[in-house]
Amino acid sequence: MTTDNTVDFTRNAPVTGSLDVHWNHGARSKADGAEPLIQVHAYDEHTFVLRQSKTVNYEAPFIYLLFGNERALLLDTGATADPARFPLRATVDELVDAWLREHPRPGYELVVAHTHGHGDHVAADAQFADRPRTTVVARELEAVQEFFGFTSWPQETIDFDLGGRVLEVIGSPGHHRAAVTIHDPWTGILLTGDTIYPGRLYAFDFAEFTATLERLVDFTQTRPVTHVLGCHIELTARPGVDFPLGARYQPDERELQMTVNQLIAVRDAARAVADRPGVHTFDDFILFNGPCAGA
């Protein structure tokens, strides 16, 4: 950090952060005791991963908070609107206040955006509606395109500057028409929402989904990518075995982080089953080609 309190988000990037964390995974019964409504993990001092408790909502989505010199980005707002059951605004405010104590500056902003617009990723948007110096990006495709400045959706990659921390935003339809993937050069992390994660990959528009995978694989061939992080864990530690849909207790989960090689494997699998609608199980993911029973 320089003497004027500006963080250099290009120096030594990608930095080495930590994913040495045991994610809360719900409770078998009340006798097991309560877990926090929101688990917070610091990947580094400028990057936070949050997980909503499965005791609140079975989706237990992961949410990401990235700090830059001028603004922070909150990516997704989880599956529950009620702040009493899911105090996302209060948790984010605490994290922002703590960051500003270490890196004081006036007029610091917050952008609330989404990996995509499904309900388990936008439910707590209203908690931020009256927050000062805060922009909440609507879930609809037109709003996403306008905010980030897409003019050739989804082929182009858009730079989004948090203040020296310049993210790369990639249009990623297929699971949802307004889905985006975000690459963070500071950490090297590729944030893939519900497009790629260790679980059930629902490709409602399979042609768009496959095209997105092709773009993402091509993108990773020219960037350092340290981890591929999605928004859910639905697989057990056993290859190709998922937890029941709606499970609120997931012992022995697969780890959250995936690799570029696993991303390539999803792309290759999509190519292989493109003409076969239905459910296709692989070791590290389960691919749903089109609307399927159980999707």
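Procedures and definitions
- Each chain carries its own residue numbering, running from 1 in the written order of its sequence.
- With the structure being a predicted model, the display of local features is reserved for residues of pLDDT at least 70 and the display and counting of side-chain atom pairs for 80 or more, all residues being used for whole-chain, interface and lining totals.
- For side-chain calculations, the full set of non-hydrogen atoms in the structure is used, while hydrogens and water are omitted.
- Under the DSSP-based scheme used, a helix requires at least four consecutive residues in state H or I and a strand at least two consecutive residues in state E, with every element numbered from the N terminus.
- Here the globule rule is a power law, 2.2 Å times the number of residues to the power 0.38, and the radius of gyration is based on C-alpha atoms.
- Any residue under 20% of the maximum accessible area for its type is buried, any over 50% is exposed, and the rest in between are partly exposed; the area is computed with a 1.4 Å probe on protein chains only.
- Contacts are assigned to residue pairs that have any heavy atoms within 4.5 Å of one another.
- Calculation of accessible area relied on Shrake-Rupley with a 1.4 Å probe; when residues are assessed, cover is drawn exclusively from the protein chains displayed.
- Counting rule applied: Lys, Arg positive; Asp, Glu negative; His and chain ends not counted.
- Here the site of a charge means atom NZ of a Lys, CZ of an Arg, CG of an Asp or CD of a Glu.
- By definition, two strands form a pair when at least two bridges between them are found by DSSP.
- Throughout, an axis means a line fitted to C-alpha atoms (over the contacting stretch in the case of helices), and angles, computed between N-to-C directions, take values from 0 to 180 degrees.
- Each aromatic pair joins two rings of Phe, Tyr and Trp (for Trp, the six-membered one) with centres within 6.5 Å, and gets the label stacked for planes under 30 degrees apart, edge-to-face for over 60, and tilted for any other angle.
- Counted as a polar contact is a pair of N or O atoms within 3.5 Å, where, for protein atoms, one must be capable of donating a hydrogen and the other of accepting one, and residues adjacent in sequence contribute only when both atoms are in side chains.
- Salt bridges are identified by distance alone: a Lys or Arg side-chain nitrogen within 4 Å of an Asp or Glu carboxyl oxygen.
- By nonpolar core is meant a set of buried Ala, Val, Leu, Ile, Met, Phe, Trp, Tyr and Cys residues that side-chain atoms within 4.5 Å join together.

Can you tell me about the overall build of the protein chain, naming the residues and giving the values?
Regarding its fold elements, the protein chain presents five helices and 14 strands. The globule rule puts the C-alpha radius of gyration for 295 residues at 19 Å, and the 18 Å found for the protein chain is close to it. The proportion of buried residues among the 295 residues of the protein chain is 58%. Expressed as a percentage of contacts within the protein chain between residues at least 6 apart in sequence, the contacts between residues at least 24 apart total 63%. Carbon and sulfur atoms provide 50% of the accessible area of the protein chain, an area that totals close to 12,400 Å². For the protein chain, the centre of its 24 positive side-chain charges and the centre of its 41 negative side-chain charges are spaced 4 Å apart.

With reference to specific residues and values, describe the sheet that holds strand β13 (residues 278–281).
Across the sheet, which stays open at both edges, the three strands sit in the order β11-β14-β13 with mixed pairing between neighbours. In this open sheet, the two edge strands, each paired with only one partner strand, are β11 (200–203) and β13. Each strand axis lies, on average, 20° off the axis of its neighbour in the sheet, ignoring direction. In the packing of helix α4 (residues 206–220) onto the sheet, contacts are made with β11 and β14 (286–289), and the angle to β14 comes to roughly 135°.

Tell me about the sheet that holds strand β7 (residues 157–161), and name the residues and values.
Judged by pairing direction, the sheet is mixed, and its five strands sit side by side in the order β7-β8-β9-β10-β12 without closing on themselves. Two strands lie at the open edges of the sheet, namely β7 and β12 (227–230), each paired on one side alone. Going from strand to strand, the sheet's axes swing by 25° on average, the running direction of each strand aside. One ladder, built from four bridges, connects strand β8 (residues 166–171) with strand β9 (residues 180–184); its direction is antiparallel. Paired with Ile170 across the strands is Thr181, a residue of β9.

Explain the packing of aromatic side chains residue by residue, including any values.
Under the counting rule described, the total for this entry stands at 14 aromatic pairs. Judged by centre distance (5.0 Å) and plane angle (10°), the ring pair of Phe67 and Trp99 falls under stacked. With a gap of 32 residues between them, Phe67 in strand β3 (residues 62–67) and Trp99 in helix α1 (residues 88–102) connect regions that are remote in the sequence. Overall, the relative accessible area of 0% leaves Phe67 in the buried class. Given the relative accessible area of 4%, Trp99 is considered buried. Residues Phe67 and Tyr108 carry aromatic rings whose centres are separated by 6.4 Å and whose planes lie at 20° to one another, so their mutual orientation is stacked. You can see Phe67 sitting in strand β3 and its partner Tyr108 sitting in the loop between α1 and β5 (109–113), a full 41 residues away along the chain.

Outline the pairing of β11, listing residues and values.
Here β11 shows two buried faces, one formed by Arg200 and Tyr202 and the other by Leu201 and Ala203. Pairing geometry for β11 and β14, over four bridges, is parallel. Residue pairing across strands places Leu201 opposite Leu287, the latter belonging to β14.

For the side chain of Arg200, give the residues involved together with the corresponding values.
Along the chain, Arg200 turns up in strand β11. There is a polar contact of 3.1 Å between the side chain of Arg200 and the side chain of Tyr202. Not counting the four nearest positions on each side in its chain, Arg200 is found in contact with Glu234, Asp242, Phe243, Leu245, Ile286 and Phe288.

Describe the pattern of salt bridges, listing the residues and the values that go with them.
One pass over the structure, following the stated rule, counts 14 salt bridges. Of the charged contacts, one joins Glu234 and Arg200 as a salt bridge, the two residues approaching to 3.6 Å between their closest N and O atoms. Placement of Glu234 in the loop between β12 and α5 (260–272) and of Arg200 in strand β11 is noted, with a sequence separation of 34 residues between them. When its relative accessible area of 7% is taken as the criterion, Glu234 is described as buried.

Give me unusual backbone geometry: which residues, what numbers.
Cis geometry marks the peptide bond from Ala13 to Pro14; its omega dihedral reads 0°. Note that Pro14 resides in the segment before β1 (38–44). With a phi close to 60°, Asn12 is a non-glycine residue in the positive phi region. By relative accessible area, Asn12 is classed as exposed at 62%.

Account for the nonpolar core, with residues named and values stated.
Residues Tyr64, Leu73, Phe148, Val169, Ile182 and Leu191 are the most contacted members of the largest nonpolar core, which totals 31 residues. For this core, the secondary structure elements donating two or more residues are β3, β4 (71–75), β5, α3 (141–148), β7, β8, β9 and β10 (189–193). Not counting residues within four places of it along the chain, the set of residues in contact with Leu191 comprises Tyr64, Leu66, Leu75, Val180, Thr181, Ile182 and Leu229. One finds Val228, Leu235, Val266 and Ile286 within the second-largest nonpolar core, a separate group that totals 28 residues.

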